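# Tertiary structure, described
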Amino acid sequence: MTSARPTRRSVLRGTAGALAGAALSGVGARGALAAAAGALLERRTRHVILVAFAGGIRTRETLGAPENVPTLKAMANEGVVYPRTRTSNLGHFGAALSIFTGISEPRGIRENARGPDPTLFEYVRKEGGLSGSDVWMSTSGGTQQTNYAYSTHADFGARYGANTLDGDGVFNQEFKDLVAGLGRPREMDEREAELLERMRSSLGAGERAGVNDAETARRVESYILTELSRGTSDLRGVNAGDAKALQVARNLMLFFRPRLLGVSLQNADVAHGSYNAYVEVIRRNDAAFAELWQVVRDDPELADSTAIIVLPEFGRDRDLNSRRGLDHGDGSEELNYVSTVCWGPEFRKGHVVNQEVRTIDVCPTVCEIFGARARHARGKPLPQLLG
Ligand SMILES: [Zn+2]
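Below is a summary of the structure that appears in this document. Every chain is numbered on its own, with residues counted from 1 as its sequence reads. Reporting of local features is limited, given that this is a predicted model, to residues whose pLDDT is at least 70; pairs of side-chain atoms are given and counted only at 80 or more, and all residues count toward the totals for whole chains, interfaces and linings. As a rule here, side-chain values cover all heavy atoms of the structure and leave hydrogens and water aside.

## Let's talk about the state of the cysteines
Disulfides are defined as cysteine sulfur pairs within 2.5 Å. For the coordinates displayed, the defined rule picks out zero disulfides. Here Cys363 is not cross-linked by a disulfide; its sulfur's nearest cysteine counterpart is in Cys367, at 4.2 Å.

Structure follows, in structure tokens:
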């Protein structure tokens, strides 16, 4: 397995960037070199997992009720919490997209189209020098969420997008049968070969090439086998889509060790019809966070170099609706403010920032970690984050 050390080329690129910046600002070459070397030495965070704990989730059922979210609470205790994170849009798609773009996407944004503004994936690939195999997105189902992987922006777009894995789309019955067949020593028939090809291409070949070399193909197959043997395709229950996305994320960290991994969830929106089901989604997803976190903490290299950021796209109404569910639209504080939890080797420990921040601050924060500038984003890097 290859580790995610900086390549010589990426190091050189970072240094060249710092030199160019210094030349523009009039700093001498010697100072620029020292600054570039310092940045390379000091940056311990080399992996970021960003979880859009979306579907509309109030703080009242998360950090306000720690028995629902022991994992998130533990992360908060060891990290930084922003309990007054202002949300920016009250449609699920636009609001979650805002987390990835750092722009308050207009309310009327079409629910099934890519946005016009670059995503953090595109910034870190184009400006932070990350390769296609470094940047992944795991989604909870449906084509809509794959729109978070890249934008239609002319200067960015697909060539800087994240490799996207949709748990439902990849781990379906067809692939399960295929893998069962792969375990037997015989010729693959034409249809199986075609499925295998599709599986590989869904893992990042084609226009987002960069992972389709032989070594990666081998890892892809190990990955798929592990994924299926762990029963990803059999996950059931109120959070089935989210559980698949989180399990895919867990195995991506194990096998590919992405530098930036986005995860988008959505099942909490069952709340419109059932408060109890909503709480159940939160609890189950928190249990899945524990597995993901464990992968990071069990690996000495990842444990010392991985940051995790978790936040909902917005909250929910203050009061139950007539079905004993919770909608999102009353303009309450519980709807407009969520809690962002940040855990990582360079972040402060056990720190609560009561100052108001915004969901659109997350994109510039992640970009800054990778030495990229989210030049079109409206948010700012989160304050009081680094220790
Ligand atoms: Zn909803």
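## With respect to empty space enclosed by the protein
Grid points spaced at 1 Å and placed over the protein atoms alone form the basis of the search, with a cavity being a set where a 1.4 Å probe fits but cannot get out and a pocket an open set showing protein on both sides within 12 Å along at least five of seven lines. Lining residues have an atom within 4 Å of a point. Grid points are joined across faces, edges and corners, and a volume is the space filled by probe spheres set on the points. Evaluated as defined, the whole model comprises two cavities of 30 Å³ or more. Empty space within the largest cavity amounts to approximately 60 Å³. Forming the walls of the largest cavity are Phe53, Ile57, Arg58, Thr59, Thr62, Leu72, Val310, Leu311, Pro312 and Ser339. The residue classification treats Ala, Val, Leu, Ile, Met, Phe, Trp, Tyr, Cys and Pro as nonpolar and Asp, Glu, Lys and Arg as charged. All others, Gly included, are polar. Residues belonging to the lining of the largest cavity are distributed by class as follows: six nonpolar, three polar and one charged. Of the voids in this model, the second largest cavity is the one considered here, and its volume is about 40 Å³. In this structure, the second largest cavity is lined by Val51, Met75, Phe289, Leu292, Trp293, Ile308 and Val310. At the level of secondary structure, the elements contributing two or more residues to the lining of the second largest cavity comprise α11 (275-298) and β6 (306-311). In DSSP terms, a helix is any run of H or I states spanning at least four residues, a strand is any run of E spanning at least two, and both are numbered starting from the N terminus. With three residues, α11 is the single largest residue contributor to the lining of the second largest cavity. The residue makeup of the lining of the second largest cavity, split by class, is seven nonpolar, no polar and no charged.

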